[in-house]
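Architecture at a glance
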Amino acid sequence: MNVLVINAGSSSLKYQLLNTETREVFTKGNCERIGIDGSFIGYTVRGGEKQKLEVALPDHKTAIKHVFQLLEEAGFDQSKIEGIGHRVVQGGWYFPESKVVTDETLGWVREVAPLAPLHNYAEADVIEICRDMFPSIGNVIVADTSFHYNIPEKAHRYALPRDVVDKLHIRKYGAHGTSHRYIWKTTKELLGDDVHKLVSCHLGSGASLSAIQDGHDMDTTMGLTPLDGLIMGTRCGTIDPATVCYLVREGGYTIDEVDTMMNKQSGILAISGVSSDTRDVEERAQKGDAHCQMALDMFFYRTSQLIAEMAQSMHGFDTMAFSAGIGENSDTFRSAICKELAWFGVKIDEEKNSVRSDDPRVISTEDSKIKVLVVPTNEELMIALDVQELLSK
Ligand code: AMP
């Protein structure tokens, strides 16, 4: 099945057209600066050179029209697109699994939008536009929170007053669920019966861990929002929640300023004082920059600490898998995190660790108690497979 996967943000719209059987990606791109001056679409066709179309994109509807024009130029008119998968950041209490778009399911995306206002409203608008413009193509909602929906209550409930929690739908929703689901699926395909308890490590500019036992999510590090858990590129991760009150009361910051500080001005960027990109930070640390070294040390410490927390929620683990920008590309990060976990019996083969490849692979030694893998994530494929499954029913 040829599936168009759409990932809409408030001012961007990423797309990818792929085939679920051959897994070939025909074309992909990103509409950037929607509603802002200087908008453009960067795209590639059949893995060719990156191209750039500078075009006015006043709104998402115009962006989608241009995407379909580019698809047609690449040889895919509407009749060749058999389904559209929409990545939705927050599924709230309505999406324990992916669902076909109907008036009702689209309404749910809007109803839970206050939990992720920057994303869900834009995503709901884009779903509606696709339905209206291309009524013959089926649409599917794939929520990033679905995989975490059934984690045990003792793991997802917050210790706040029950009436407040219930009224405002507060709980651990998690994020990166589609990626963690893909990492489990790929690890299982590779290891078969040798994997039961996996700590999935999605380490990119956003980063989260998931404790996955025989395909079921037992816990995850992100919470009500994607701010919780690990130290990230610009996000602080878990800190004492009273810090927020202190910053407002004593620091004189508004609540919006604290929100921006914690999401956009913290994490690796804040500790290093240099960059949110771990490549820059690593380079500076090697040249003796103490703040950059501290950013790395804190990242390794916190990540290994939370891996242990995930392992505890399954009463042990037999496998861990590294994924996303840092997890897939940085042998130094993998090595440093595994060293922190050596007392668990985690041992990696540095030669295997240094190999660059796009394939999922084992990098632990034969005698390591825990199998360690690198699994390049593929959220688009996971979304497309859901579309295929739901639309062929
Ligand atoms: P993602 O959000 O998954 O696209 O990951 C992007 C992040 O991955 C970048 O901001 C970098 O911090 C990190 N990254 C990518 N390549 C490398 C690398 N070779 N070494 C260290 N970090 C990397």
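Residues numbered from 1 in each chain as written. Predicted model: local features only at pLDDT ≥ 70, side-chain atom pairs only at ≥ 80, totals over all residues. Heavy atoms only, no water.

Structural notes on the nonpolar core
As a reminder of what qualifies: Among the buried residues, those of types Ala, Val, Leu, Ile, Met, Phe, Trp, Tyr and Cys that are joined through side-chain atoms within 4.5 Å form a nonpolar core. Exposure categories follow from relative accessible area, calculated using a 1.4 Å probe and restricted to protein chains: below 20% of the type maximum is buried, above 50% is exposed, and the middle band is partly exposed. A run of H or I in DSSP counts as a helix once it spans at least four residues, and a run of E counts as a strand once it spans at least two, with each numbered from the N terminus. Only heavy atoms enter the contact rule, under which two residues are in contact if any of them lie within 4.5 Å.
Residues Leu203, Phe299, Ile307, Phe317 and Met320 are the most contacted members of the largest nonpolar core, which totals 39 residues. Among the elements of the structure, β9 (197-203), β10 (207-213), α10 (278-286), α11 (290-313), β12 (319-323), α13 (331-340) and β14 (371-374) are those that each provide at least two residues to this core. In terms of residue count, α11 provides more of this core than any other element does, 9 residues in total. Those residues within four positions of Phe317 in sequence are excluded, and the remaining contacts are Lys197, Val199, Ile307, Ala311, Phe344, Val346 and Ile370. Core analysis: the second largest hydrophobic core is formed by 28 residues, Leu17, Val67, Ile84 and Phe134 among them.

Considering the packing of aromatic side chains
Put simply, the rule is: Stacked, edge-to-face and tilted are the three classes for Phe, Tyr and Trp ring pairs, Trp counted by its six-membered ring, which pair at centre distances within 6.5 Å; planes under 30 degrees apart are stacked, over 60 edge-to-face, the rest tilted.
Tallied over the entire structure, the rule returns 10 aromatic pairs. Ring geometry for Phe300 versus Phe333: centroids 5.0 Å apart, planes at 80°, classification edge-to-face. Of this pair, Phe300 sits in helix α11 while Phe333 sits in helix α13; the two residues are 33 residues apart in sequence, bridging distant segments of the chain. Residue Phe300 is classed as buried on the basis of its relative accessible area of 10%.

Let's talk about the site of the ligand
The cut-off we apply is this: Definition of nearness: a residue and a molecule or strand are near each other if at least one heavy atom of the residue lies within 4 Å of the molecule or strand. Here a polar contact is recorded for every N or O atom pair within 3.5 Å, except that within protein the pair must consist of a potential hydrogen donor and a potential acceptor, and residues adjacent in sequence are included only if both atoms are side-chain atoms. Using the Shrake-Rupley algorithm and a 1.4 Å probe, accessible areas are obtained, with residue cover drawn only from the displayed protein chains.
Taken together, the residues surrounding the ligand are Gly204, Ser205, Asp277, Thr278, Arg279, Ala324, Gly325, Ile326, Asn329, Ser330 and Arg356. Here an oxygen atom of the ligand and a side-chain polar atom of Ser205 are 2.9 Å apart. If the ligand stood free it would expose 510 Å²; the protein chains cover 74% of that surface. At the level of elements, α10 and α12 (324-329) are the ones that each hand at least two residues to the shell around the ligand. Counting residues per element, the shell around the ligand draws most heavily on α12, which supplies 4 residues.

Considerations on the pairing of strand β5 (residues 51-54)
How we decide: Following DSSP output, two strands are said to pair if at least two bridges run between them.
Summarising the sheet, strand β4 (residues 40-45) and β5 pair through 4 bridges and their orientation is antiparallel. Residue pairing in the sheet places Ile41 in a bridge with Leu53 of β5. Following β4, the chain reverses through 5 residues before pairing antiparallel with β5; Arg46 in that reversal takes a positive phi of roughly 45°.

Observations regarding the environment of Leu115
Along the chain, Leu115 falls in the loop between α2 (103-111) and α3 (117-133). When the C-alpha atoms of Leu115 and Val126 are compared, they prove to be 18 Å apart, with 11 residues separating the residues in sequence.

Focus: the UniProt feature "binding site: Mg(2+)" (unreviewed entry) in the chain
Here is the rule: UniProt positions are given in the numbering used here, feature names are shortened, and annotations may be inferred rather than shown by experiment.
Under the feature "binding site: Mg(2+)" (unreviewed entry), the UniProt entry names Asn7 and Glu379. Across 373 residues, the annotated set stays spatially compact, with a maximum C-alpha separation of 10.3 Å. As for its position among the elements, Asn7 is in strand β1 (residues 2-8). When residues no more than four places from it in sequence are discounted, the contact partners of Asn7 are Ser12, Leu13, Lys14 and Arg87. Mapping Glu379 onto the fold places it in helix α15 (residues 379-391).

Focus: the pattern of salt bridges
Worth spelling out the cut-off: Should a side-chain nitrogen of Lys or Arg be within 4 Å of a carboxyl oxygen of Asp or Glu, the pair is scored as a salt bridge.
For the coordinates displayed, the defined rule picks out 16 salt bridges. For Arg46, the salt bridge goes to Glu24, with nearest N and O atoms at 3.8 Å. One end of the pair, Arg46, is in the loop between β4 and β5; the other, Glu24, is in the loop between β2 (13-19) and β3 (25-32), and 22 residues separate them in sequence. Judged by relative accessible area, which is 34%, Glu24 ranks as partly exposed. We note a salt bridge from Asp386 to Arg181, for which the minimum N-O separation is 2.7 Å. With a gap of 205 residues between them, Asp386 in helix α15 and Arg181 in helix α6 (residues 177-191) connect regions that are remote in the sequence. Given a relative accessible area of 22%, Arg181 falls into the partly exposed group. Salt bridges sharing common partners tie together Arg87, Asp144 and Glu379.

Considering the sheet that holds strand β6 (residues 83-88)
Stated formally: Angles here are taken between N-to-C directions and fall from 0 to 180 degrees, while the axes themselves are lines fitted to C-alpha atoms, restricted in helices to the stretch in contact.
One open sheet holds the 8 strands; their spatial order is β5-β4-β3-β2-β1-β6-β8-β7, and the pairing between them is mixed. Looking at the sheet topology across the chains shown, the edges are occupied by β5 and β7 (99-100). In terms of strand pairing, β7 meets strand β8 (residues 138-143) through 2 bridges, oriented antiparallel. In the strand pairing of β8, Val100 is matched with Val140. Packed onto the sheet, α3 meets β1, β2, β6 and β8 and runs at close to 170° relative to β6.

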